[in-house]
Amino acid sequence: MADQAFVTLATNDNYAKGAMVLGQSLRNHTTTEKLVALIGPRVTEPYRTTLNSIFDEVCLVDIMDSKDTAHLAMMKRPDLGITFTKLHCWTLTHYSKCVFMDADTLVLSNIDELFEREELSAAPDPGWPDCFNSGVFVFRPSNETHEKLVKFCSEKGSFDGGDQGVLNSFFNTWATADISKHLPFIYNLSSIAIYSYLPAFKQYGHEAKVVHFLGKMKPWNYSYDAESREVKGHSLSPDLLHLHPDYLVMWWELYCKSVLPVLKQAYGDIPCNTDCTEDKVCGDVKEVAALAPVPPRQISSEERKQRWEAGQADYMGDDSFVHIERKLDSFLK
Ligand code: UDP
Ligand code: MN
């Protein structure tokens, strides 16, 4: 519908990669809704060009330059920068209803039926199911709601430092008031759930409609070998791999097939004298794909422990099932 849209956000080129794959996955599943990308000023020109080829609308949101309430509130709470940026989606008032999707989500089938839901509909967070996860939610753009949210955010802050904390405090009756606002978990399946409740994943995983690469490691942080169709740098247990289509591989396939060719062309269209390296223009898929990942920094076991305790386990990497299993085995011996 013309007055409804899927909305995502990317403040830098890496998240723009995610946004492009998400947008393309929505197109591949023949959505009839509009696609909108909110971008920050740091997103570079080739990425903007590519985003424009996938999305109906690419809106630059520059909170620091605008003279609105968000700007003033932001001055008091610079720590909540990206949170304020996400709240911007409520200002898209030329749409009557929208579905926000994190740039690290991937759509596996048509999800246009989400527009039958009301604000604020979202799926439970796997870590604390009385909170909703803010990676996928239905909302109604409204300047009034936007102002209330910004005010709320600058006065009360966010209990988790991000948008999810603010939104859960603001829409605080979500857990109890209206079950129709609880989206089924298959609209926001995070890989964490695969590990924390494997039998349920075995039973229902094939129904997943949206995968969410929640956490520190994002698909674009890995590298991909297009020939062997292997994602490098993660160690999902073969036990788990045969259970489900490898979502990371699906992400990379889409990126290499539909996004990268347009991106390369966009690099080709601009004079190559600034930060655009020869490789970026001329490399084949394999080379360019290998350019994308930032190799994960080696972290100390103490830091890893702290991250684990803070709920930031690297389920696809160091803290993967095989590694945990190996550790348990060594204790048992
Ligand atoms: N985001 C962004 N730039 C950033 C961090 C986040 O554009 O530097 C946006 C992006 O849409 C992302 C969302 O905010 O998907 C939420 O962040 P993230 O997905 O990293 O959080 P998680 O889902 O892992 O908690
Ligand atoms: Mn996310």
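This text goes with the structure placed above it.
So, here's what we can say about the structure. Worth saying up front: this structure is predicted, and the values here are computed from it rather than measured. (Residues numbered from 1 in each chain as written. Chains lettered and ligands numbered in written order. Predicted model: local features only at pLDDT ≥ 70, side-chain atom pairs only at ≥ 80, totals over all residues. Heavy atoms only, no water.)

## Section: the overall build of the protein
Summing up its helical and strand segments, the protein has 14 helices and 11 strands in all. Within the protein, the fraction of its 333 residues that count as buried is 52%. If you take every contact in the protein between residues at least 6 apart in sequence, the share linking residues at least 24 apart comes to 70%. Accessible area for the protein stands at about 16,200 Å²; split by element, carbon and sulfur atoms hold 53% of it. (Helix = DSSP H or I, 4+ residues; strand = E, 2+ residues; numbered from the N terminus. Buried < 20%, exposed > 50% of the residue type's maximum accessible area, 1.4 Å probe, protein only. Contact = heavy atoms within 4.5 Å. Areas by Shrake-Rupley, 256 points an atom, 1.4 Å probe, with all protein chains shown as cover.)

## Here's the deal with helix α3 (residues 69-76)
The set of residues buried in α3 consists of Ala 70, His 71, Ala 73 and Met 74. The arc enclosing the buried residues of α3, seen along the axis, measures out at 170 degrees, which places them on a common side. Of the exposed residues in α3, the ones pointing more than 90 degrees away from its buried face are Leu 72 and Lys 76. Each element contacted by the buried residues of α3 is listed here: α4 (81-87) and α5 (143-156). (Arc of directions from axis to C-beta.)

## Comments concerning the site of ligand 1
Among the 13 residues in the neighbourhood of ligand 1, the closest are listed as Leu 9, Thr 11, Tyr 15, Gly 215 and Lys 218. One of the side-chain nitrogen or oxygen atoms of His 212 is found 3.1 Å away from an oxygen atom of ligand 1. Residue Lys 218 places a side-chain N or O atom 2.7 Å away from an oxygen atom belonging to ligand 1. Its free accessible area being 510 Å², ligand 1 has 78% of it covered by the protein chains. Residues of the shell around ligand 1, tallied by class, amount to 6 nonpolar, 4 polar and 3 charged. (Near = heavy atom within 4 Å. Polar contact = N/O pair within 3.5 Å; in protein donor to acceptor, adjacent residues only side chain to side chain. Nonpolar A, V, L, I, M, F, W, Y, C, P; charged D, E, K, R; others polar.)

## Brief notes about the packing of aromatic side chains
Taken as a whole and judged by the stated rule, the model has 16 aromatic pairs. Ring centres of Phe 137 and Phe 139 lie 5.6 Å apart, and the angle between their planes is 55 degrees; this geometry places the pair in the tilted category. Grouping residues by exposure puts Phe 137 and Phe 139 together as buried. Taking 5.4 Å as the distance between ring centres and 85 degrees as the angle between the ring planes, the aromatic pair formed by Trp 252 and Tyr 255 counts as edge-to-face. On the criterion of helical spacing, the pair formed by Trp 252 and Tyr 255 is a turn pair, its members being 3 residues apart in helix α10 (residues 247-268). (Phe/Tyr/Trp six-rings, centres within 6.5 Å; stacked < 30°, edge-to-face > 60°.)

## With respect to the sheet that holds strand β9 (residues 210-212)
Reading across the sheet, the 3 strands line up as β5-β9-β8 and stay open at both edges, with mixed pairing between neighbours. The sheet is open, and its two borders are formed by β5 (105-107) and β8 (189-190), each paired with just one other strand. In this structure, β5 lies alongside β9, joined through 3 bridges in antiparallel fashion. Opposite Leu 106, over in β9, you have Val 211 as the bridge partner. Together, β5, β8 and β9 form the strand contacts of α10, whose direction differs from that of β5 by roughly 80 degrees. (Pairing = 2+ DSSP bridges. Axes fitted to C-alpha atoms, helices over the stretch in contact; angles between N-to-C directions.)

## Considerations on the coordination of the manganese ion (ligand 2)
In the first shell of the manganese ion (ligand 2), the protein supplies Asp 102 (OD), Asp 104 (OD), Asp 104 (OD) and His 212 (NE2), at 2.2 to 2.3 Å from the metal. Around the manganese ion (ligand 2), the 6 donor atoms are arranged such that angles at the metal cover 56 to 172 degrees; this shape is classified as irregular. On the primary sequence, the residues serving as donors to the manganese ion (ligand 2) are separated as D-x1-D-x107-H. A residue pair is termed long-range when its members are at least 10 positions apart, and Asp 102 in the loop between β4 (97-101) and β5 and His 212 in strand β9 qualify at 110 residues. Here Asp 102 matches His 212 in class, with each residue buried. (Donors = N, O, S within 2.8 Å, 3.2 Å for Na, K, Ca; no water. Tetrahedral: all angles 85-135°; square planar, octahedral: opposite > 155°, others 65-115°.)

## Observations regarding unusual backbone geometry
Going from Glu 119 to Leu 120, the amide bond is cis rather than trans, its omega being -10 degrees. The residue Leu 120 is located in the loop between β5 and β6 (121-124) in this model. In this model, Thr 30 sits at a positive phi of 45 degrees, which is unusual for a non-glycine residue. Among the structural elements, Thr 30 can be located in the loop between α1 (13-28) and β2 (34-39).

## Focus on the sheet that holds strand β3 (residues 57-60)
Strand order in this open sheet of 6 strands is β3-β2-β1-β4-β7-β6, and the pairing throughout is mixed. With partners counted over all chains shown, the strands left at the sheet margins are β3 and β6, one partner each. The average angle at which neighbouring strand axes cross in this sheet is 25 degrees, direction not considered. Sheet analysis places β4 next to strand β7 (residues 132-139), joined by 4 bridges and oriented antiparallel. Along β7, the bridge assignment pairs Met 101 with Val 136. Running over the sheet, helix α2 (residues 45-54) touches β2 and β3 and is turned about 160 degrees from β2.

## Re the pairing of strand β1 (residues 4-10)
Consecutive residues of a regular strand have side chains that alternate between opposite faces of the sheet. Taken across its 7 residues, β1 has 7 buried, putting it largely inside the fold. Pairing between β1 and β4: 4 bridges, direction parallel. Residue pairing across strands places Gln 4 opposite Lys 97, the latter belonging to β4. Bridging between β1 and β2 involves 6 bridges; their strand directions are parallel. Within β2, the position partnered with Val 7 by the bridge is Val 36. Chirality of the crossover, the property in question, places the unit of β1, α1 and β2 among those that are right-handed. (Right-handed = clockwise from strand over helix to strand, strands pointing away.)

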